[in-house]
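Structural features, examined
Listed below, chain by chain, are the residues.
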Amino acid sequence: MERQTDCREEMKMEKKKLEIVLAQPRGFCAGVKRAIKIVETAIERYGRPVWVLHEIVHNTHVIKNLSEAGAVFVEDIQEIPEGAITIFSAHGVATKVEKMALEKGLKVIDATCPLVKKVHHQAKRYNKMGHDIIIIGHHGHPEVEGTLGRVDGDVTVVSTVEDVRSLVITDPEKVAYVTQTTLSTDDTKELIEELKNRFPNIKGPNLNDICYATQSRQDAVRKLAEEVEMLLVVGSKNSSNSNRLRETGESRGLPSFLVDNADFVDLKWFDGKSTVGITAGASAPEILVQDIIKMLDGHFDLKVRAQNGKKESMQFKLPLFPDFQ
Ligand code: SF4
């Protein structure tokens, strides 16, 4: 018995030391928690299947679990049968999608994040004031498509400073911008500065549309960059805010990798590293972070500590779940 204990101790001694620093905050934001809860509650209340337009949040693990529970995810509203229980994803939808849902008699519960709704309202308000609207964001992302589809009239999406330089605006005195909620705060700052250079009277909300969760997760990575040699970001490839976290790490000189789960972690990345940071995108569940730690514990003499960061208390109320007839 004593000999066995000695062997285990010796094996542990052979393992390389590795310190993991967990970003604080990381993972699920209030909008994602609310959206997932809406799907779970709808399945519980109305039975399966519940149709969801777009991935409710951009995470493979979440989508797999909810699909198993009875959610059916589709990219086109035409795929949803008439009269079916339907949930709009956290990213929001265009006005025409709401109209189509009405025509099909869909029983809709809207899981659009309240912070995305705020951007819709801002865009509509500027639109009513007769302004050309500029959306700072990524073309093709469901949130940007939803915001685009809230505005009648001239609206342009810009993603780079070059896009801003080549903008053609009807009246430079009547122009306003809004931003996608999950952008890099560094990049957005640069774009807003360029917009203000070109259109000194432009209206817009400064950086306030970058949501609190995007902002605080990126800030945590910036701080983490001062104490680690590499960064793992847990999140799916199509998650905008997870990609931005990886870019934030990279822009601070850290080798940074986006991984969906522990299976995607390459141990070669850890060669020559003794301190590694882990964060998770706003749509990535904590269990995936813990799985990675478990996996690493099998290969390293691991020490795990949490960054001394911000605590989050934001919560969004659930919508009403009507008694659909
Ligand atoms: S990242 Fe922000 S805007 Fe997006 S769902 Fe979360 S709280 Fe809402």
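Residues numbered from 1 in each chain as written. Predicted model: local features only at pLDDT ≥ 70, side-chain atom pairs only at ≥ 80, totals over all residues. Heavy atoms only, no water.

Points about the packing of helix H2 (residues 30-46) against helix H3 (residues 60-69)
Cut-off, in case you're wondering: To define axes, lines are fitted to C-alpha atoms, for helices over the stretch in contact only, and angles between the resulting N-to-C directions are given on a 0 to 180 degree scale. Secondary structure elements are defined from DSSP: runs of H or I of at least 4 residues count as helices, runs of E of at least 2 residues count as strands, and each element is numbered from the N terminus. Any angle that falls under 35 degrees is termed roughly parallel, while one over 145 is termed roughly antiparallel, one within 65 to 115 roughly perpendicular, and all others oblique. It only takes one pair of heavy atoms within 4.5 Å for two residues to be counted as in contact. Under the grouping applied here, Gly and all other residues not named as nonpolar or charged are polar, the nonpolar ones being Ala, Val, Leu, Ile, Met, Phe, Trp, Tyr, Cys and Pro and the charged ones Asp, Glu, Lys and Arg.
Remark: H2 packs on H3, axes separated minimally by 10 Å, with the N-to-C direction vectors making an angle of 10 degrees. If you check the angle between H2 and H3, you find them roughly parallel. For the pair H2 and H3, the contacting residues are Ile36, Val39, Glu40 and Ile43 in the first and Val62, Leu66 and Ala69 in the second. Class assignment of the residues belonging to the contact of H2 with H3 gives a composition of 6 nonpolar, no polar and 1 charged.

Remarks on helix H10 (residues 240-251)
Along an α-helix, a turn takes 3.6 residues, which lines up residues three or four apart on a common side. Our working definition: Multiplying one less than the number of residues by 1.5 Å gives the expected span of a helix. Each residue is assigned to one of three classes by its accessible area relative to the maximum for its type, calculated with a 1.4 Å probe on protein chains only: buried under 20%, partly exposed between the two thresholds, exposed over 50%.
The first and last C-alpha atoms of H10 sit 16 Å apart over 12 residues, in line with the 16 Å expected at 1.5 Å per residue. Ser240, Asn241, Ser242, Asn243, Arg244, Leu245, Thr248 and Gly249 are the residues of H10 that are buried. Among the residues trailing H10, glycine 253 stands out with phi positive, at a value near 85 degrees.

A closer look at the sheet that holds strand E1 (residues 16-22)
Put simply, the rule is: In this analysis, strands are considered paired if DSSP registers two or more bridges between them.
Read across the open sheet, the 5 strands follow the order E10-E9-E11-E1-E12; overall the sheet is parallel. Two strands bound the open sheet, and with one partner strand each, they are strand E10 (256-259) and strand E12 (300-306). Ignoring strand direction, the axes of neighbouring strands in this sheet form an average angle of 25 degrees. In this sheet, strand E11 (residues 275-280) lies alongside E1 in parallel orientation, the contact comprising 4 bridges. Along E11, the bridge assignment pairs leucine 22 with isoleucine 278. Of the strands in this sheet, E1, strand E9 (230-234) and E11 touch helix H9 (residues 212-224), which is tilted by about 180 degrees from E11. Lying on the sheet, helix H11 (residues 286-297) is in contact with E1, E9, E10, E11 and E12; it crosses E12 at an angle near 150 degrees.

Some points on the pattern of salt bridges
Definition in use: Definition used for salt bridges: Asp or Glu carboxyl oxygen within 4 Å of a side-chain nitrogen of Lys or Arg.
Under the definition given, this model contains 17 salt bridges. Notably, a salt bridge pairs aspartate 301 with lysine 17, separated by 3.5 Å at the nearest N-O pair. Separated by 284 residues along the polypeptide, aspartate 301 in strand E12 and lysine 17 in strand E1 bring together distant segments of the chain. Exposure remark for lysine 17: the relative accessible area of 61% places this residue in the exposed category. Arginine 217 is the partner of glutamate 312 in a salt bridge, and the nearest nitrogen-oxygen pair spans 2.8 Å. Here glutamate 312, found in the segment after E12, pairs with arginine 217, found in helix H9; they are 95 residues apart in sequence, far enough to count as distant.

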